[in-house]
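# Summary of the model geometry
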Amino acid sequence: MGLFDGLLWSGRAAQFDSGSAASNAIELTKRHGQVSLTKQGAATGHLRINLNWRMRSSDIGGPQRESLLRHPFKALKPPEVVGHSQSMVNVDLDLGCLYELTDGSKGVVQPLGGFLGDVNAPPYVKLSGDDRFGSASGETMYVNLDQRENIKRLLVFVYIYDQTPAFDRTQAMVTLFPSNGPRIEIGLDERHPQARSCAVVMIENVKGEIFVRREVKFVYGFQAELDRLYGWGLQWGRGFKAKSER
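Quick caveat: nothing in here was measured; it's all calculated off a predicted structure. Counting starts from 1 at the beginning of each chain's written sequence and moves along it residue by residue. At least 70 in pLDDT is required for a residue's local features to be given in this predicted model, at least 80 for side-chain atom pairs to be given and counted, and no such filter applies to totals for whole chains, interfaces and linings, which use all residues. Excluded from the side-chain calculations are hydrogens and water; all other atoms, namely the structure's heavy atoms, are used.

In DSSP terms, a helix is any run of H or I states spanning at least four residues, a strand is any run of E spanning at least two, and both are numbered starting from the N terminus. Residue placement: Glu149 occurs in the loop between strand E11 (139-144) and strand E12 (151-160). Overall, the relative accessible area of 48% leaves Glu149 in the partly exposed class. Through-space distance from the C-alpha of Glu149 to that of Gly208 is 6.9 Å; in sequence the pair is 59 residues apart. Residues are treated as being in contact if the distance between any of their heavy atoms lies within 4.5 Å. Among all residues touching Glu149, those that are not within four sequence positions of it are Thr102 and Asn205. Note on exposure labels: buried denotes an accessible area under 20% of the residue type's maximum, exposed denotes more than 50%, and partly exposed covers the range between, all computed with a 1.4 Å probe on protein chains only.

Okay, here's the thing in structure tokens:
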């Protein structure tokens, strides 16, 4: 059972890859890391944010050896990727969000501690639940952009609650589904084997315009370290999930 500082006690120009017509997706990268939802006509309604992850087959039961003499082109193929279940990997990725509203109120939405939020009242962010095993649906969070004038900034993050750090072995993806236009994808594909948390994306209200900016910053601690990195100024205590949450 994990024990860490994850429990809260108190409370520019757009650049992006347009994506392909086939995938209807915008991929935020280091080079093109920002998109304006306002300019896309997507700054209204409910913004759905989804986390899911998969494991490389080479990390499940060890690599599968095949003769390169019999299959000479196997060496050129990337490792097969398959969906994982609890029996394949013992890791629990959680989706969370640090929020700051325009009235100055701040806090966190996350499975730990049962801070699941509210989509129709402050903080206008709601976590649908806690997926333990990386199922096809993953974990989902909703942001009410009809209340965008009350939202200053939202930092969406992912953390490993318990077990061995495995960001280097999971292929985690955070996808944003606006009310209009293409989905926005942020892959957590950098190799940080000891990291336990990652700031994924910042959603920010800048003079009435809603921007989505890629962060993908890995840290070796938990929410308190992300707080310090982004200057949120909350007070954190040590906490863990109850059995019903685990």
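Walk down a regular strand and you will see the side chains alternate between the two sheet faces. Here, strands pair whenever DSSP counts at least two bridges between them. With 6 bridges joining them, strand E4 (residues 46-52) and E11 adopt antiparallel strand pairing. By the bridge assignment, Leu51 is partnered in E11 with Glu139. Where E4 and strand E13 (residues 172-177) come together, 5 bridges link them in antiparallel fashion. By the bridge assignment for E13, Ile49 is matched with Leu176.

Let us now look at the sheet that holds E4. Sheet architecture is open: 7 strands sit in the order E2-E14-E13-E4-E11-E10-E9, paired in mixed fashion. Here the strands that pair on one side only, and so sit at the sheet edges, are strand E2 (25-27) and strand E9 (117-118). As judged from the 3 bridges shared by strand E10 (residues 125-127) and E11, these two strands associate in the antiparallel manner. Bridge assignment links Leu127 to a residue of E11, and that residue is Met141.

Our focus in this paragraph is the packing of aromatic side chains. Stacked, tilted and edge-to-face pairs are distinguished by plane angle, under 30 degrees for stacked and over 60 for edge-to-face with tilted covering the rest, among Phe, Tyr and Trp rings (Trp via its six-membered ring) whose centres lie within 6.5 Å. This structure, assessed with the given rule, holds 1 aromatic pair. Plain terms: the ring middles of Phe157 and Tyr159 are 5.9 Å apart, the flat faces sit at 35° to each other, and that makes the pair tilted. For the pair Phe157 and Tyr159, a shared accessibility class is recorded, and that class is buried. Remark: a charge is flagged as sitting over a ring if the NZ atom of Lys or the CZ atom of Arg is within 6 Å of the ring centre and within 35 degrees of the ring normal. Over the ring of Phe177 we find Arg48; its NZ or CZ atom is 4.0 Å from the centre of that ring.

Let's shift gears to the side chain of Arg153. Within the secondary structure, Arg153 is located in strand E12. Nitrogen and oxygen atoms within 3.5 Å of one another constitute a polar contact, given that in protein one can donate a hydrogen and the other can accept it, and given that sequence-neighbouring residues count only through two side-chain atoms. From its side chain, Arg153 meets the backbone oxygen of Gly231 in a polar contact 3.5 Å long.

Turning our eyes to something else, we now look at the pattern of salt bridges. Each salt bridge in this description consists of a side-chain nitrogen of Lys or Arg and a carboxyl oxygen of Asp or Glu lying within 4 Å of one another. Applying the stated criterion to the full structure yields 6 salt bridges. For the salt bridge of Arg213 with Glu215, the shortest nitrogen-to-oxygen distance reads 2.8 Å. When salt bridges that share partners are traced, they join Glu204, Arg213, Glu215 and Lys217 into one network.

The next subject is the environment of Val212. Its place among the elements puts Val212 in strand E16 (residues 209-219). Between the C-alpha atoms of Val212 and Met202, which are 10 residues apart in sequence, the distance is 5.8 Å. In this view, Val212 contacts Leu28, Gly33, Gln34, Val35, Leu37, Leu176, Val201, Met202 and Ile203; residues no more than four positions away in its chain are not counted.

In this section: unusual backbone geometry. Residue Pro122 is joined to Pro123 through a cis peptide bond whose omega torsion reads 15°. Relative to the elements of secondary structure, Pro123 occurs in the loop between E9 and E10. The backbone of Tyr124 sits at a positive phi, close to 65°, despite the residue not being glycine. In this structure, Tyr124 sits in the loop between E9 and E10.

We now examine the sheet that holds strand E8 (residues 106-109). If you walk across this open sheet you meet the 6 strands as E3-E16-E15-E12-E7-E8, and the pairing is antiparallel. Looking at strand neighbours, the two that pair on one side only are strand E3 (34-36) and E8, the edges of this open sheet. Strand-to-strand twist in this sheet, taken as the mean axis angle between neighbours without regard to direction, amounts to 20°. In this sheet, strand E15 (residues 197-206) lies alongside E12 in antiparallel orientation, the contact comprising 7 bridges. Within the sheet, the bridge partner assigned to Arg153 lies in E15 and is Glu204. Contacts between helix H1 (residues 223-230) and the sheet are confined to strand E7 (93-101), E12, E15 and E16, with E16 contributing the most and set at about 125° to the helix. Convention adopted: a line fitted to C-alpha atoms gives each axis, helices being fitted over their contacting stretch, and angles between N-to-C directions are expressed from 0 to 180 degrees.

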